Amino acid sequence: MRTRLLAPCAGLVSGVFALGLAEVIAGVVSPASAPVIALGDVVVANVPPWLKDFAISAFGTHDKQVLLGTAYLIAAALSALAGVLTVRGRGAGIWLVLGLGTLAALAAATRPEASLLSALPSLLGAAAGMFVLTHLARAIREHAAAAPRTVAGELAGRRAVLGLGAVLALGVAAGGLGNWLGARLRGAQSSREALTLPTPADPAPALPSGVEVGVDGMEPFLTPNADFYRIDTALSVPLLTAEDWSLRIHGLVDREVTLTWDQLVAGDLVERDLTLMCVSNEVGGDLTSTARWIGLPVKPLLERAGVGADADMVLSKSSDGWTASTPLETLTDGRDAILAIGMNGEPLPLEHGFPVRMVVPGLYGYVSATKWVVDLEVTRFDRAQGYWTPRGWSERGPVKTGSRIDVPANGETVDGGKTVLAGVAWAEHRGIGKVEVRIGEGAWQEATLGTEDTVDTWRQWYLPWSGAPAGRHTVQVRATDGDGAVQTADVAPPAPDGATGWHTIQVTVG
Ligand SMILES: Nc1nc2c(c(=O)[nH]1)N[C@H]1C(S)=C(S)[C@@H](COP(=O)(O)O)O[C@H]1N2
Ligand SMILES: [Mo]
């Protein structure tokens, strides 16, 4: 065994051990205080809009895994470096570990929901890492000093390798234990499993027949929870329980209101279908899904608190400090803005905001759909900002009219004899009046619409297409909303307030 190879391995192994131990402690303290999560959160909070845009368009809803993967790769490289430095007898290796641990501890301790304990995982992890690294380095140096071909040298080498393996296994096991502990101790999963959703006082009618156009390859009208798109800044899902949840309504109000879980479920719950859309959705993108939500209307709650005459915004906040700025009028003009607890007949999944999130028809998620919501501050746009506004996104985010071709897929070859074009269109809270399709430079042809569920949900469409000549064709779609406004052809990127332009695909007729 060469020292040259053992040194970076010792660093890596110490790194795994340090992070594993930190995970266990974070499992007890709070999952978000784990060093890589805490540092990753700082990165997420400071990404420029173009980079967030790029990450979402390149990796979609896998942006988190990519970020975490990158973070672990960097941690691995730095650990290896610390190993090499330490084995060579340089103090810089140990200082590197201490520096990283301190940075991560600071990041964890300055989180919105942090306590003094939040610094512990990184500090103790770093201490353990320094201890293990120092000892491994010494063992490796002894091995190198002994003549490698002697029995003593062989033994020292074997001992070094065994030691590395044992520490590595311990670290990995600790990491797994930490994650398991985190989920159990906070009880979010068991709280969710123990719940039975209350029956809404005002249930949604059965889905009208014909909301699905019945074309192969189309998504279902209601998106199963497991397939519902997910976007948020939380590298580790906030773990709340229904029993401990409460919501504070304050700010420009006559009286503060605190709502507990029991009070929420005892209220007049409504059930509503609503399509949610992310402002980062590119033209033709899939960051939109539809669910049947159960929740408590926001309006009567605000009335109970008594909203001041000069208020024009509600800043909703999640347990991990994320915020959304929602125009007050969209919460009081009679549309179905709700504090949702149910999603397609189940309690909210943890990653979709358990136990309570907000949804507001007609607004992009970043200005309305706060998950893990715990605080509503009645305020003004000239006094407060939502999370994404100082990061280059518009303070208001009404959903823009849009449409998408789902069948056939872009670049697909179809049978010219008889085929069908199909997709979805949306104009939340205005509804869809018309969808038109154009093939090449031909005339716009009106598609057949699926039955409307509500003006707050997307609408499927289809257009039979037969007798097309062989070759490549461009297909475009545009929608007209319920007020008669045609979807704009102007091409705009997602930032700052939503992408526009007509979805255009290429289809080859075979
Ligand atoms: N707490 C919290 N809520 C959040 C976000 C977030 O980052 N943190 N992202 C918002 C954004 S940008 C969107 S598009 C929707 C997505 O909701 P979903 O993940 O349930 O689809 O959640 C919104 N609510
Ligand atoms: Mo979003």
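Residues numbered from 1 in each chain as written. Chains lettered and ligands numbered in written order. Predicted model: local features only at pLDDT ≥ 70, side-chain atom pairs only at ≥ 80, totals over all residues. Heavy atoms only, no water.

- The protein chain carries the name Molybdopterin-dependent oxidoreductase in an unreviewed UniProt entry, which gives Kineosporia corallincola as its organism.

## Some thoughts on the pairing of strand E4 (residues 288–297)
Line of reasoning, step 1. Among the 10 residues in E4, nine count as buried, and that is most of the element.
Line of reasoning, step 2. When strand E3 (residues 270–277) meets E4, the two strands line up antiparallel, connected through eight bridges. If you follow Leu 274 over to E4, its bridge partner there is Ala 291.
Line of reasoning, step 3. Across five bridges, the pairing between E4 and strand E7 (residues 338–343) is antiparallel. The residue bridging Trp 293 from the neighbouring strand is Met 343, located in E7. (Buried < 20%, exposed > 50% of the residue type's maximum accessible area, 1.4 Å probe, protein only. Helix = DSSP H or I, 4+ residues; strand = E, 2+ residues; numbered from the N terminus. Pairing = 2+ DSSP bridges.)

## As for the sheet that holds strand E17 (residues 459–465)
Line of reasoning, step 1. If you trace the four strands from one edge of the open sheet to the other, you get E11-E13-E17-E16, paired in antiparallel fashion. Of all the strands in the sheet, just strand E11 (402–407) and strand E16 (448–449) have a single pairing partner and so form its edges.
Line of reasoning, step 2. Of the pairings in the sheet, the one linking strand E13 (residues 419–426) to E17 comprises seven bridges and is antiparallel in character. Residue Ala 425 lies in a different strand from E17, and its bridge partner there is Arg 459.

## Looking at the site of ligand 1
Line of reasoning, step 1. Taken together, 18 residues surround ligand 1, and among them Tyr 229, Thr 233, His 352, Arg 357 and Lys 371 come closest.
Line of reasoning, step 2. Within the contact set of ligand 1, a nitrogen atom lies 2.9 Å away from a backbone nitrogen or oxygen of Ala 369.
Line of reasoning, step 3. For ligand 1, an oxygen atom lies 2.5 Å from a polar atom in the side chain of Lys 371.
Line of reasoning, step 4. Isolated, ligand 1 exposes 530 Å² of accessible area, and the fraction of that covered by the protein chains is 100%.
Line of reasoning, step 5. Counted by class, the shell around ligand 1 contains nine nonpolar, five polar and four charged residues. (Near = heavy atom within 4 Å. Polar contact = N/O pair within 3.5 Å; in protein donor to acceptor, adjacent residues only side chain to side chain. Areas by Shrake-Rupley, 256 points an atom, 1.4 Å probe, with all protein chains shown as cover. Nonpolar A, V, L, I, M, F, W, Y, C, P; charged D, E, K, R; others polar.)

## Here's the deal with the pattern of salt bridges
Line of reasoning, step 1. Applying the stated criterion across every chain, the model contains 20 salt bridges.
Line of reasoning, step 2. Between Glu 395 and Arg 396 there is a salt bridge, with its nearest N and O atoms 3.8 Å apart.
Line of reasoning, step 3. Through salt bridges with shared partners, a single network forms among Lys 64, Arg 230, Asp 232 and Lys 371. (Salt bridge = Lys/Arg side-chain N within 4 Å of Asp/Glu carboxyl O.)

## Quick notes on the packing of helix H2 (residues 35–45) against helix H4 (residues 63–87)
Line of reasoning, step 1. Interaxial distance between H2 and H4 falls to 10 Å at its minimum, and their mutual angle equals 120°. With respect to H4, the axis of H2 lies oblique. As for how H2 packs across H4, the hand of that crossing is right-handed. Taking contact as the criterion, the partners of Val 36, Ile 37, Gly 40, Val 43 and Val 44 in H2 are, on H4, Leu 67, Leu 68, Ala 71 and Tyr 72. (Axes fitted to C-alpha atoms, helices over the stretch in contact; angles between N-to-C directions. Parallel < 35°, antiparallel > 145°, perpendicular 65-115°, else oblique. Left-handed = near helix turned anticlockwise from the far one by under 90°. Contact = heavy atoms within 4.5 Å.)

## Considering the UniProt feature "transmembrane region" (unreviewed entry) in the protein chain
Line of reasoning, step 1. UniProt feature "transmembrane region" (unreviewed entry): in the numbering of this structure it lies at residues 66–85, 92–110, 116–140 and 161–182.
Line of reasoning, step 2. Counting secondary structure, residues 66–85 comes out at 100% helix and 0% strand; the distance between its end C-alpha atoms is 29 Å.
Line of reasoning, step 3. Helix makes up 95% of residues 92–110 and strand 0%, and the two end C-alpha atoms of the span are 27 Å apart. (UniProt positions renumbered as here; feature names shortened; annotations may be inferred.)

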